[in-house]
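# Structure at a glance
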Amino acid sequence: MRKSPDAAGAPTALTIAPAAAADLGPVLDLLRRSRLPEVGLADHIGSTVVAKDRDRVVGSAALELYGTAALLRSVAVDERLRGNGVGRRLTESALDLARSHGVRAVYLLTETAPTFFARLGFTRIERDAVDPAVRQSVEFTSACPSSATAMRLSLESEGSADPARPA
Ligand SMILES: CC(C)(COP(=O)(O)OP(=O)(O)OC[C@H]1O[C@@H](n2cnc3c(N)ncnc32)[C@H](O)[C@@H]1OP(=O)(O)O)[C@@H](O)C(=O)NCCC(=O)NCCS
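Please read these numbers as outputs of a predicted model, since none were measured by experiment.

## As for helix α2 (residues 24-33)
It helps to recall that an α-helix has 3.6 residues per turn; residues three or four apart then point in one direction. Among all positions of α2, only Val27, Leu30 and Leu31 are buried. Angularly, the buried residues of α2 cover 100° about the axis, an arc narrow enough to put them on a single face. Turned more than 90 degrees away from the buried face of α2, the exposed residues are Gly25, Asp29, Arg32 and Arg33. The inward-facing, buried residues of α2 contact β2 (48-53), β3 (56-66) and β4 (69-77). Looking one or two residues beyond α2, the residue adopting positive phi is Arg35, at roughly 60°.

## Looking at the confidence of the model for the protein chain
On average, residues of the protein chain score 89 in pLDDT, and 88% of them reach the 70 mark or higher. A low-confidence stretch, residues 160-167 (pLDDT under 50), is modelled with 5 contacts involving residues beyond four sequence positions or located in other chains.

Cut-off values and rules
For every chain, the first residue of the written sequence is number 1, and numbering continues from 1 onward in sequence order. The predicted nature of this model means local features are confined to residues of pLDDT at least 70 and side-chain atom pairs, given and counted, to a pLDDT of 80 or more, with totals for whole chains, interfaces and linings taken over all residues. With C-beta atoms placed from the backbone, a residue is buried if 20 or more other C-beta atoms are within 10 Å of its own, exposed if 12 or fewer are, and partly exposed between those counts. Only runs of H or I of at least four residues qualify as helices and only runs of E of at least two qualify as strands under DSSP, and these elements are numbered from the N terminus. What the arc describes is the spread of directions from the helix axis to the C-beta atoms. By definition, residues are in contact whenever their C-beta atoms, placed on the basis of the backbone, come within 7 Å of each other. On a scale of 0 to 100, pLDDT captures the predictor's confidence in every residue.

Shown next, in the form of structure tokens:
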């Protein structure tokens, strides 16, 4: 039997991949345990990535796509696996997904982890500076308290000379 993750760090069998419809329940459980909003996630499971240890969901990151803007939400890692780079890998995977959809700016709201996201290139912005379509999301209008920090990452300047990059 393999070692427990808290004794061994991140499990070597850990994979990060697009979520399947059947992952919704386990992701909602993870959000509940992580004290993050669950509302609205079901509508975006098709643009969610999950980390799995074998078949068990141990991490998530979801994108709400609004044209060339997106909201990054539901970034959570099972408490026993935190501090092993899983959150970073999930976020990077969600950003890759955003790029593949032609997203130019990714926004988020966080109460708990502004420093984590700053390490990944996000900068704090005023709520008024958030793309209006994103501002109409459930997270902005009701799920996240008004004290939450708004942050933005521009994907626009990256590889702008690359003709293969989605418009
Ligand atoms: C925030 C969270 C997703 C980070 O996941 P994780 O797997 O522990 O993060 P990682 O191990 O990938 O950390 C990446 C870096 O960020 C740092 N970091 C991790 N969590 C941090 C936090 N809450 N605040 C500041 N820095 C943090 C790590 O030290 C690491 O730094 P390094 O690159 O210098 O080594 C996880 O703590 C979590 O699930 N928290 C509860 C839910 C939550 O608050 N989500 C964010 C709001 S959507």
